[in-house]
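# Coordinate analysis (summary)
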Amino acid sequence: MAARILDGKALAASIRAELATKVAALKAKHRITPGIAVLLVGEDPASQIYVRNKAKAATEVGFFAREVKLTATATEREVLAAVDAFNKDDAIDGFLVQLPLPPQVDPQRVIDAVDPAKDADGFHVTNAGLVFQARGGVAPATPLGCMALIKLARTDLTGLEAVVIGRSNTVGKPVAQLLLKEHCTVTIAHSKSKDLAAIARRADILVAAVGRSELVRGHWIKPGAVVIDVGINRGADGKVRGDVAFDEAVEIAGAITPVPGGVGPMTIACLLQNTLMLCERRRALN
Ligand code: NAD
């Protein structure tokens, strides 16, 4: 039997509708409009689309959204100055710097400069540390989106074998932490792991966050597993594919996310959720 399709588009739409209701209540009760800002450096076409989509989604739920654009030749000092301006801007509750940055700008230095209290992406080491120790903090949006999709398929994750392929600070490692918090037995596999197929086949929950088109094949999947495909890989034919060979995997998995329409829309919805949470914390509303 073919797997259940975990519809990220529909789930994200319901999260955004819920956010819109909360934002309307904030405005009515406290005269507060949550503010989000995005810094884009350079003209990378994919980044331009992501930034536009984020700002559009933010405005639709009732946020105030600001986009600041710097040219690809901007110096690190200019980028840091833009970050500092967001840190100090009282109208901004959360913001992010769209990655990647041009080569003359050190992304780590830029992320380190973000005020953790306004860190909508949850990339600052303070938030990463708090998530690591399960002490709150801001978890990154994509891992939060993955967890919400997993929860559509399995409400109790206690004791399940989870395998995450990919160990980036932005996706692989934090999603592994969130799965651990839900009492999974977690394995993180990566480019140096041996026999990925055998590791993946252990997984009741398999998260692929690699960036290699259709790396995960059908026979890597344990029958009935929940498969979350984070990958976004644009082929020479212009088509976007995930890290999982969907047509094979859908026949074996119990539930699976499509690409597009799975994790992608959830990332934006969870980014907005993070920003509202930061707004409520900063303005001491709960
Ligand atoms: P990254 O390049 O920072 O990390 C990739 C990870 O995959 C690394 O840890 C590496 O060890 C591992 N890896 C690379 N080749 C491998 C191989 N052959 N076998 C096993 N592991 C391998 O990438 P990232 O930022 O974590 O993103 C991963 C993918 O997810 C990309 O396709 C990216 O575009 C996508 N992404 C999607 C969203 C979304 O909203 N859907 C958000 C962020 C990232």
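Calculation criteria
Residues numbered from 1 in each chain as written. Predicted model: local features only at pLDDT ≥ 70, side-chain atom pairs only at ≥ 80, totals over all residues. Heavy atoms only, no water. Pairing = 2+ DSSP bridges. Helix = DSSP H or I, 4+ residues; strand = E, 2+ residues; numbered from the N terminus. Contact = heavy atoms within 4.5 Å. Axes fitted to C-alpha atoms, helices over the stretch in contact; angles between N-to-C directions. Near = heavy atom within 4 Å. Polar contact = N/O pair within 3.5 Å; in protein donor to acceptor, adjacent residues only side chain to side chain. Areas by Shrake-Rupley, 256 points an atom, 1.4 Å probe, with all protein chains shown as cover. Nonpolar A, V, L, I, M, F, W, Y, C, P; charged D, E, K, R; others polar.

Right, let's get into the sheet that holds strand 5 (residues 161–165). Sheets are built from strands paired through backbone hydrogen bonds, the pairs being either parallel or antiparallel. Read across the sheet, six strands follow the order 1-11-8-7-5-6 without closing on themselves; strand pairing throughout is parallel. Edge positions in the sheet fall to strand 1 (4–5) and strand 6 (185–189), since each has one partner strand and no second. Pairing of strand 8 (residues 226–229) with strand 11 (residues 255–256), which is carried by two bridges, proceeds in the parallel orientation. The residue bridging Val-226 from the neighbouring strand is Ala-255, located in strand 11. Set on the sheet, helix 7 (residues 172–181) makes contact with strand 5, strand 6 and strand 7 (205–208); between it and strand 5 the angle comes to about 170°.

Further remarks concern the site of the ligand. Neighbouring the ligand are 22 residues; Arg-167, Ser-168, Val-230, Ile-232 and Thr-267 lie closest to it. A distance of 2.8 Å separates an oxygen atom of the ligand from a polar atom in the backbone of Arg-167. In the complex, the protein chains occlude 71% of the 860 Å² of accessible area that the ligand would expose alone. Counting residues per element, the shell around the ligand draws most heavily on helix 10 (residues 263–282), which supplies three residues. Grouping the constituent residues of the shell around the ligand by class yields nine nonpolar, 11 polar and two charged.

Attention now goes to the sheet that holds strand 2 (residues 35–41). Judged by pairing direction, the sheet is parallel, and its three strands sit side by side in the order 3-2-4 without closing on themselves. Each of the sheet's edge strands pairs with one partner strand only, and the pair in question is strand 3 (64–70) and strand 4 (94–97). With strand direction ignored, the average angle separating the axes of adjacent strands in the sheet is 15°. Two strands pair when backbone bridges link them, and strand 2 and strand 4 are joined in this way by four bridges, in the parallel orientation. Across the sheet, residue Ala-37 finds its bridge partner in strand 4, namely Phe-95. Sheet strands in contact with helix 10 are strand 2 and strand 4, and its direction is about 125° off that of strand 2.

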